[in-house]
Amino acid sequence: MKNSRTLIVANWKMNMNVSQSSILLHRLHERIRIRREIELVLAPSMLALQPLSMQIDRRKFRLCAQNAYFVDEGPFTGEVSFSMLQDLVHYCIVGHSDRRHKFGESLEVVRDKVAASVRNDIMPILCVGETAQERKAKETNQVLHDQVVTALSNLTSSDIPNIVIAYEPVWALSAGSDYAHHEIATPEIIANAIKVIRHNIAELYGKKAAADVRVLYGGSASSTTARGILETEGVDGLLVGGASLNYQEFSGIIDAAYRMQTSSEVNNG
Ligand code: PGA
């Protein structure tokens, strides 16, 4: 792993009302210290973003939306645009497998959301990953190629430093749409997939952009597995779902990331 800051993102998904979210943030504030080696990002529900933005210690956490719509304003009942989120969040998750598989978001919709996010100065965390069925059919590399290439096709190379990619194999999520197939992704599987992702980016935007882009892993990460995953080649951080809802578990993940960072600093002199 590169010796830059480790990025840890908590995806709270559709869990917790505003007061429960506020209590969890309070507990995390008490428990977590500011570490220059680690960047912490919280993605609460859309409803909790505004109240949490008043409560949050910005030296410790940044906020992230879980989704937004790609048109800036207009007759799109029920949607919230990236432009509306501009002053509120640093990041937005785009193309999560929940969105792709449960809400039918196509490759092109994800592409338009990535472009809208970048246009509005919000860093997209683009999620890509294959289902159990696709892995079984040996389509993983093709799926990753199609998801990465389409999603990034409306960007220029100067946009690439402002995006984050998350490799999230759907079959490894703790409660994803492939829950019945739930398995643990091995370091080898993660490293290979990330290699494919970086290769696709290199083809589009060159080797440097591909090496520099931050790539996270997501899928049942926990305080016990965090360090092993973070030490896997190509991994720059974690996108944490289920385990981020428990402050002890989530702070355990942050401690593991910190220990890994500080021991690699010692090893690198
Ligand atoms: P999980 O979710 O950690 O609960 O598997 C990760 C995600 O869906 O982003």
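For the structure itself, consult the block above.
Residues numbered from 1 in each chain as written. Predicted model: local features only at pLDDT ≥ 70, side-chain atom pairs only at ≥ 80, totals over all residues. Heavy atoms only, no water.

1. Considerations on the overall build of the protein chain
So, step 1. Along its length, the protein chain carries 11 helices and 8 strands.
So, step 2. Here the C-alpha atoms of the protein chain give a radius of gyration of 17 Å, agreeing with the 18 Å that 2.2 N^0.38 yields for 269 residues.
So, step 3. With the C-alpha coordinates aligned to their principal axes, the bounding extent of the protein chain is approximately 50 × 45 × 40 Å.
So, step 4. In the protein chain, buried positions account for 52% of the 269 residues.
So, step 5. With an accessible surface of roughly 12,500 Å², the protein chain has 50% of that area assigned to carbon and sulfur atoms. (Helix = DSSP H or I, 4+ residues; strand = E, 2+ residues; numbered from the N terminus. Rg over C-alpha atoms; globule rule 2.2 N^0.38 Å. Buried < 20%, exposed > 50% of the residue type's maximum accessible area, 1.4 Å probe, protein only. Areas by Shrake-Rupley, 256 points an atom, 1.4 Å probe, with all protein chains shown as cover.)

2. Observations concerning the pairing of strand S7 (residues 214-218)
So, step 1. Summarising burial for S7: 5 of the 5 residues are buried, a large majority.
So, step 2. Burial along S7 is two-sided: Arg214, Leu216 and Gly218 and Val215 and Tyr217, pointing in opposite directions, are all buried.
So, step 3. Relative to S7, strand S6 (residues 164-167) runs parallel, the two being bridged by 4 bridges. Bridge assignment links Ile165 to a residue of S7, and that residue is Val215.
So, step 4. Here 3 bridges tie S7 to strand S8 (residues 237-240), and the two strands are oriented parallel to one another. Of the residues in S8, the one forming a bridge with Leu216 is Gly237. (Pairing = 2+ DSSP bridges.)

3. Quick look at the sheet that holds strand S5 (residues 123-128)
So, step 1. Taking strand neighbours around the barrel as the criterion, the 8 strands line up as S1-S2-S3-S4-S5-S6-S7-S8 in a closed arrangement whose pairing is parallel. The sheet shows a mean angle of 25 degrees between the axes of neighbouring strands, direction not considered.
So, step 2. One ladder, built from 4 bridges, connects S5 with S6; its direction is parallel. Bridge pairing in S6 places Leu126 opposite Ile165.
So, step 3. Against the sheet, helix H5 (residues 107-119) makes contact with strand S4 (91-94) and S5, and its axis sits at roughly 160 degrees relative to S5, the strand it touches most. (Axes fitted to C-alpha atoms, helices over the stretch in contact; angles between N-to-C directions. Contact = heavy atoms within 4.5 Å.)

4. Focus on the site of the ligand
So, step 1. Around the ligand sit Asn11, Lys13, His96, Glu168, Leu173, Ser174, Gly219, Ser220, Leu239, Val240, Gly241 and Gly242, and those are all the residues in its vicinity.
So, step 2. Here an oxygen atom of the ligand and a side-chain polar atom of Glu168 are 2.7 Å apart.
So, step 3. Here Ser220 contributes a backbone N or O atom positioned 2.7 Å from an oxygen atom of the ligand.
So, step 4. Protein chains shield 99% of the accessible area of the ligand, which is 280 Å² for the free molecule.
So, step 5. Here the shell around the ligand is composed, by residue class, of 3 nonpolar, 7 polar and 2 charged. (Near = heavy atom within 4 Å. Polar contact = N/O pair within 3.5 Å; in protein donor to acceptor, adjacent residues only side chain to side chain. Nonpolar A, V, L, I, M, F, W, Y, C, P; charged D, E, K, R; others polar.)

5. A few points about the packing of aromatic side chains
So, step 1. In the structure shown here, the tally under the stated rule is 3 aromatic pairs.
So, step 2. Aromatic pair Tyr167 and Tyr217: ring centres 6.3 Å apart, planes at 55 degrees, arrangement tilted. Note that Tyr167 is positioned in strand S6 and Tyr217 in strand S7, a separation of 50 residues in sequence.
So, step 3. Of the residues examined, Tyr167 reaches a relative accessible area of 0% and is grouped as buried.
So, step 4. Judged by its relative accessible area of 1%, Tyr217 falls in the buried class.
So, step 5. An aromatic cluster is built from Tyr69, Phe70 and Phe76, whose rings are joined through pairwise contacts. (Phe/Tyr/Trp six-rings, centres within 6.5 Å; stacked < 30°, edge-to-face > 60°.)

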